[in-house]
Amino acid sequence: MKKKNIAILSKEGTSYLLPFILITSCFALWGFANDITHPMVKAFSKIFRMNVTEGTLVQVAFYAGYFVMALPAAIFIRKFSYKAGILLGLALYAVGALLFFPAKMSGAYFPFLMAYFILTCGLSFLETSANPYILSMGSEETATQRLNLAQAFNPIGSLMGMYVAMNFIQAKLNPLSTSERALLGDAEFQAIKEADLDILTAPYLAIGIIIAVIFLLILFTRMPKNGDKDTSINLGATLKRLARIKNYREGVIAQFFYVGAQTMCWTFIIQYGTHIFMLGGMEERAAEILSQKFNIAAMVIFCCSRFICTFLLRFIKPGLLLTILAIGGCIFTTGVIIFENVYGLYCLVAISACMSLMFPTIYGIALRGLGEDAKFGAAGLIMAILGGSVLPPLQAAMIDMGTIAGLPATHLSFTLPLVCFVVITVYGYRTNIRFRHS
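The shown structure was predicted, so the numbers you read here are calculated from the model rather than taken from an experiment. (Residues numbered from 1 in each chain as written. Predicted model: local features only at pLDDT ≥ 70, side-chain atom pairs only at ≥ 80, totals over all residues. Heavy atoms only, no water.)

S.K.: Which residues make up the side chain of Asn-131, and what values do they have?
M.R.: Relative to the assigned elements, Asn-131 resides in helix α7 (residues 110-136). Filtering out sequence-adjacent residues up to four positions away, Asn-131 remains in contact with Phe-27, Trp-30, Leu-126, Leu-147, Gln-151, Phe-359, Tyr-363 and Ile-382. (Helix = DSSP H or I, 4+ residues; strand = E, 2+ residues; numbered from the N terminus. Contact = heavy atoms within 4.5 Å.)

This is the structure in structure tokens:
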């Protein structure tokens, strides 16, 4: 029997094409923020002469903003509207980016962490608002497909972030290695640090101005009010209802481990590649830039795979496809651990093909059937992004050990992402069984 063709961008005769395009642009904007930030762990470590663990405080501050602001964002959009949540998110995003200028003037590390935190408070508002807004722009039957389509533009922004990081930050930073910087006198080190901070700050100031323009564009555009009818708030009762829903509860756990896996795989691809290339005799800066090219290749694969998987969702149940790709993630991560040469790096790049589907699919499955509770349900799933703050420092601490049981710690640290993919595999399998006949 031929499957009924259902439009994914209309509901009850109303087209949501223009609102979909405008809100989808926000997906690219937070993709940019995420992936210009991953290489900054290494950059800040060099600029401030810190170890990898101290450098990952960038990720801690970045993802902590998601966690702290997700529930307030849900309350805000429940009280007002999705559009209001998106506008506030864009405002905080712009302010956080523009705060890089006073942070640079201070010459200290902590103000940059605060700027990242404020920026990601804005991203938390954006994601808490935009994801369920996209889900509401059509029938529930096509919601996961629609969200995957919107999320497909997220890696386009990510590619831009990576490109800017590689060509306008990493390539322009002083070429002195971490060990060479440690030998510099205070005056010489300060001069190099100030020059490097000027380079690092410029792209953030530019994106802050761009975000301000996007804010004005959305402010003066008429947007639908889907899901904005009920403004009453009974937080305790809502959270109790959500906690009793097994599918949602397990989805939050799966999302925590997915974001942790994604952050670790994309953040430490620089360390992993640099380790391998320096073993081959390459100097540190060249090894870092070459590793970033592999990082960009991973994002290109991620982007292409997202579009392919969105198409496959027309024929394969979301839970089943999630299970298949999570198993693939387990296999490739095992290769990252086992191989101590460029083949391990190839496996690390290939993981991105498996990750492409995961965030929006877990999100869509977990919010299935929640109705008005989806606003607070979305907050829980955005709070689960805390996995990107909790797990990377654990991996960084393993990398800083140098060796573990006589084996390279850089390789063995990827046992953490492997555990994450096992958790996602279990969730995909359980949801596939749960919704097999729906």
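S.K.: Tell me about the side chain of Thr-361, and please be specific about residues and values.
M.R.: With respect to the helices and strands, Thr-361 occurs in helix α18 (residues 358-366). Judged by its relative accessible area of 0%, Thr-361 is buried. (Buried < 20%, exposed > 50% of the residue type's maximum accessible area, 1.4 Å probe, protein only.)

S.K.: Now, about the pattern of salt bridges: what can you tell me, with residues and values included?
M.R.: Scanning all chains against the criterion turns up 5 salt bridges. Between Arg-430 and Glu-250 there is a salt bridge, with its nearest N and O atoms 2.7 Å apart. Here the residue Arg-430 occupies a position in helix α22 (residues 415-434), and Glu-250 occupies one in helix α13 (residues 246-267), the gap between them amounting to 180 residues. The class for Glu-250 is buried, based on a relative accessible area of 16%. Among the ionic contacts, a cluster of salt bridges with common partners joins Glu-250, Arg-430 and Arg-434. (Salt bridge = Lys/Arg side-chain N within 4 Å of Asp/Glu carboxyl O.)

S.K.: Pulling in residues and values, what's your account of the packing of aromatic side chains?
M.R.: All told, the structure shown has 29 aromatic pairs when counted by the stated rule. Residues Tyr-258 and Phe-359 carry aromatic rings whose centres are separated by 6.4 Å and whose planes lie at 55 degrees to one another, so their mutual orientation is tilted. Residue Tyr-258 is located in helix α13, and its partner Phe-359 is located in helix α18; the two are separated by 101 residues in the primary sequence. Since its relative accessible area comes to 0%, Tyr-258 is described here as buried. By relative accessible area, Phe-359 is classed as buried at 7%. When the centroid spacing of 6.4 Å and the interplanar angle of 55 degrees are considered together, the rings of Phe-339 and Tyr-343 count as tilted. Judged by its relative accessible area of 37%, Phe-339 is partly exposed. (Phe/Tyr/Trp six-rings, centres within 6.5 Å; stacked < 30°, edge-to-face > 60°.)

S.K.: Hey, could you go over a nonpolar patch on the surface for me, with residue numbers and the actual values?
M.R.: Taken together, the side chains of Ile-338, Phe-339, Tyr-343 and Tyr-346 make up a nonpolar region of the molecular surface, amounting to roughly 450 Å² of accessible area. Of note, Tyr-346 is situated in helix α17 (residues 342-355). On the basis of relative accessible area, Tyr-346 is assigned to the partly exposed category, the value being 45%. (Patch = residues over 30% accessible without salt bridge, like charges linked within 9 Å, V, L, I, M, F, W, Y side chains within 5 Å. Areas by Shrake-Rupley, 256 points an atom, 1.4 Å probe, with all protein chains shown as cover.)

S.K.: Tell me about the environment of Val-252, residues and numbers included.
M.R.: Tracing the backbone through its elements, the reader meets Val-252 in helix α13. Taking the C-alpha atoms as reference points, Val-252 and Ala-187, 65 residues apart in sequence, are found 49 Å from one another. Apart from residues no more than four positions distant in its own chain, Val-252 is found in contact with Gly-380, Leu-381 and Ala-384.

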